[in-house]
Amino acid sequence: MRRTLVAGNWKLNLGPGAGADLAAAIQSALAGRKLRGDVLVCPPYVTIPAVAAFAQGSPLLLGAQDCSDQAKGAFTGQVSAVMLAEAGCSHVIVAHSERRQYQRETDPLFIAKIDRAHEAGLIAVFCYGELLDERRAGRAEAVVAAQLQGVLPQLAQATADNLILAYEPVWAIGTGETATPAIAQQMHQYSRAQVAALLGADAAARMRILYGGSCKPSNARELFALSDVDGGLIGGASLDAESFLGIVEAAEEIAA
Ligand code: PEP
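These remarks concern the structure in this document. (Residues numbered from 1 in each chain as written. Predicted model: local features only at pLDDT ≥ 70, side-chain atom pairs only at ≥ 80, totals over all residues. Heavy atoms only, no water.)

A few points about the packing of aromatic side chains
Aromatic ring pairs are described here by two measures, namely the spacing of the ring centres and the angle between the planes. Under the counting rule described, the total for this entry stands at three aromatic pairs. Their ring planes at 20° and their centres at 6.2 Å tell us that phenylalanine 126 and tyrosine 128 sit as a pair that is stacked. The buried category is assigned to tyrosine 128, whose relative accessible area is 2%. Chaining the aromatic ring pairs together yields one cluster made of Phe110, Phe126, Tyr128 and Tyr167. (Phe/Tyr/Trp six-rings, centres within 6.5 Å; stacked < 30°, edge-to-face > 60°. Buried < 20%, exposed > 50% of the residue type's maximum accessible area, 1.4 Å probe, protein only.)

Now the structure itself:
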């Protein structure tokens, strides 16, 4: 059985002070519990050390929202995967739709970033998903297929253990509009079939595929109960301890 993952993407929110407060609240709620699934938070770079203090020795996992495609050198402003690992991160998000949109990042960069993450021993969370216009044009599956085909077979050392997929329909991110369970299951099932074709049936059976897009405590249960949904990547609702923990509880109940 695949272990669920609830991952919070704090985006450009919560500096070290506020981040420590939220991490402390999550950590104290999880303390002493034997969780069935994984719980991850991905703060901004500068907040990582403050959160690491709470993650250490707790079930709370720590990740970053991005990493450099370079290992080291004269690349002003960048942060390497090795540095993230040293700072206590186990995961890194790559190819979030906001980086595709605002930084114009594309497949060759995603491949290099995921390879650097794997070399550093990090688990990469690779995001993909169609735009509203693409869905309306009946191209959702074709877009997702191209996004997966453009990256997965090119990765030097991807396995079901060091790669997690996050299907995030862009029209559902931060909009309050969530994919219906029928759409989510169809797209996740389709994604898993793509993984089978690209990386093999065993990897497809074991690879975790998260849903992302306006996931909250009130809809998490029905999404996580779907057979090909293995948890969620959570934006807005991860910024508040009560709502994030409500989503964690939904995952725990489904995994029971
Ligand atoms: C995200 O940005 O990954 C995301 C899912 O955001 P939200 O939950 O706010 O839609």
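Additional details are given in the paragraphs that follow.
A look at the packing of helix α10 (residues 217-224) against helix α11 (residues 241-255)
Relative to each other, α10 and α11 sit at 25°, their axes nearing to 9 Å. By the criterion of interaxial angle, the relationship of α10 to α11 is roughly parallel. Taken as a pair, α10 and α11 cross one another with a handedness that is right-handed. Counting all contacts with α10, which are made through Pro217, Ala220, Arg221 and Phe224, the residues of α11 involved are Ser243, Gly246, Ile247, Ala250, Ala251, Glu253 and Ile254. Class assignment for the residues of the contact of α10 with α11 results in seven nonpolar, two polar and two charged. (Axes fitted to C-alpha atoms, helices over the stretch in contact; angles between N-to-C directions. Helix = DSSP H or I, 4+ residues; strand = E, 2+ residues; numbered from the N terminus. Parallel < 35°, antiparallel > 145°, perpendicular 65-115°, else oblique. Left-handed = near helix turned anticlockwise from the far one by under 90°. Contact = heavy atoms within 4.5 Å. Nonpolar A, V, L, I, M, F, W, Y, C, P; charged D, E, K, R; others polar.)

Topic: helix α7 (residues 140-149)
Those residues of α7 that fall on the buried side of the exposure criterion are Ala140, Val143, Val144, Ala145, Gln147 and Leu148. In this fold, the buried residues of α7 make contact with α4 (97-102), β5 (123-128), α6 (132-136), β6 (163-167) and α8 (181-199).

Topic: the site of the ligand
The ligand sits among 13 residues. The nearest are Lys11, His96, Glu168, Gly174 and Ser214. The separation between an oxygen atom of the ligand and a polar main-chain atom of serine 214 is 2.7 Å. The contact in question runs from an oxygen atom of the ligand to an N or O atom on the backbone of glycine 236, over 2.8 Å. Protein burial of the ligand: of its 300 Å² of free accessible surface, 95% is covered by the chains. (Near = heavy atom within 4 Å. Polar contact = N/O pair within 3.5 Å; in protein donor to acceptor, adjacent residues only side chain to side chain. Areas by Shrake-Rupley, 256 points an atom, 1.4 Å probe, with all protein chains shown as cover.)

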